[in-house]
Amino acid sequence: SMISAYFYHDLWNEASTLFNEMRCRGLKPDRVTFITILKICGSLMNLQCGKEVHKHAIVCGFQSDISLMNTIMDMYMKCGSFAEACHVFDMLPIPNVVSWTVLISGYTEYGHGEEALGLLQDMKEAGICLNATTFVCGLKACSSTGDVDKGRELNVEIYKRGLLENDVVLGTALVDMYAKFGDLTKAHELLENMPVRNVVSWSALITGYSQQGQNEE
């Protein structure tokens with residue numbers, strides 16, 4: 001509880017110190033403790049600490065805990081250690097949607113859009129149903145690679161599944177993608193039809209117009 005409290009108040013060093021003190025007292029961390037510390041390691045991009053926590057989690061018998069393994073992958077991706085993350089993924093008996101999304105998100109955030117879209121295709125071929133977060137990552141990857149056809153394909157799938165009804169993040173990602181493609185008419189249409197809009201949604205379109213030299217708009 002104390003480690004979590006420190007973490008959620010961004011007191012990461014204090015949380016890490018408390019975790020080490022807990023171990024020194026001979027107490028075995030549970031899955032919640034491990035997940036919290038791994039999130040801290042990822043936030044601090046402390047790869048060495050993350051590797052040590054990963055090893056400790058395996059020693060404690062958590063190698064079959066899918067949520068914990070997903071968090072370990074996320075930590076590695078945030079630290080830019082793609083090979084380690086993929087190794088953990090390959091060791092999973094049955095990766096779930098979160099497992100796939102963690103890898104796709106990591107590659108997208110580091111600007112490896114082609115790899116992210118390749119994983120997205122592999123995920124669909126494996127029969128895993130994409131969730132809203134996966135779609136957001138896919139749209140960002142399309143934006144970075146300029147893959148208009150793939151972006152439109154994802155757009156159609158999102159509409160078919162009715163995911164835009166109350167998801168402002170997903171709607172904003174669509175607006176941003178079309179704005180980056182230079183299709184400002186479509187981006188504007190999407191913004192107008194979004195049931196929920198926020199400052200990020202408006203800013204995505206404003207930025208698109210600005211980048212295309214349409215300053216009056």
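Scroll up to find the structure this text is about.
Residues numbered from 1 in each chain as written. Predicted model: local features only at pLDDT ≥ 70, side-chain atom pairs only at ≥ 80, totals over all residues. Heavy atoms only, no water.

**A short note on the overall build of the chain**
For clarity, the threshold we go by: Strands here are runs of E lasting at least two residues and helices are runs of H or I lasting at least four, both read from the DSSP assignment and numbered beginning at the N terminus. The cut-offs for exposure are 20% and 50% of the maximum accessible area for each residue type, with area from a 1.4 Å probe on protein chains only; residues under the lower value are buried, those over the upper are exposed, and the others partly exposed. In this analysis, two residues are considered to be in contact whenever any of their non-hydrogen atoms come within 4.5 Å of each other. Note on areas: Shrake-Rupley with a 1.4 Å probe; residue coverage comes only from the protein chains shown. By the counting scheme adopted, Arg and Lys are positive, Glu and Asp are negative, and His together with the chain ends is not counted. In this description, the location of a charge corresponds to atom NZ of lysine, CZ of arginine, CG of aspartate or CD of glutamate.
The secondary structure content of the chain amounts to 13 helices and zero strands. Listing each helix as α and each strand as β along the chain from the N terminus yields α-α-α-α-α-α-α-α-α-α-α-α-α. Seen along its three principal axes, the alpha-carbon backbone of the chain occupies a region of about 65 × 35 × 25 Å. The buried share of the chain, reckoned over its 217 residues, is 43%. Sequence-distant contacts in the chain: of pairs separated by 6 or more residues, those separated by 24 or more amount to 58%. About 11,400 Å² of surface is accessible on the chain, with carbon and sulfur atoms providing 52% of the total. One way to put it: in the chain the 17 positive side-chain charges average out to a point 6 Å from where the 26 negative ones average out.

**A word on the pattern of salt bridges**
Under the convention used in this document: Salt bridge criterion: a side-chain nitrogen from Lys or Arg within 4 Å of a carboxyl oxygen from Asp or Glu.
For the structure on display, the rule yields eleven salt bridges. Taking the shortest distance from any N to any O, the salt bridge between Arg 25 and Glu 21 comes out at 2.8 Å. The salt bridge partner of Lys 186 is Glu 189, with a shortest N-O separation of 4.0 Å. Pair noted here: Lys 186 and Glu 189 are both in helix 12 (residues 184-193), with a separation of three residues, about one helical turn. On the accessibility criterion, Lys 186 (23% relative accessible area) is partly exposed. Linked through salt bridges whose partners overlap, the residues forming this network are Lys 124, Lys 150, Glu 153 and Glu 157.

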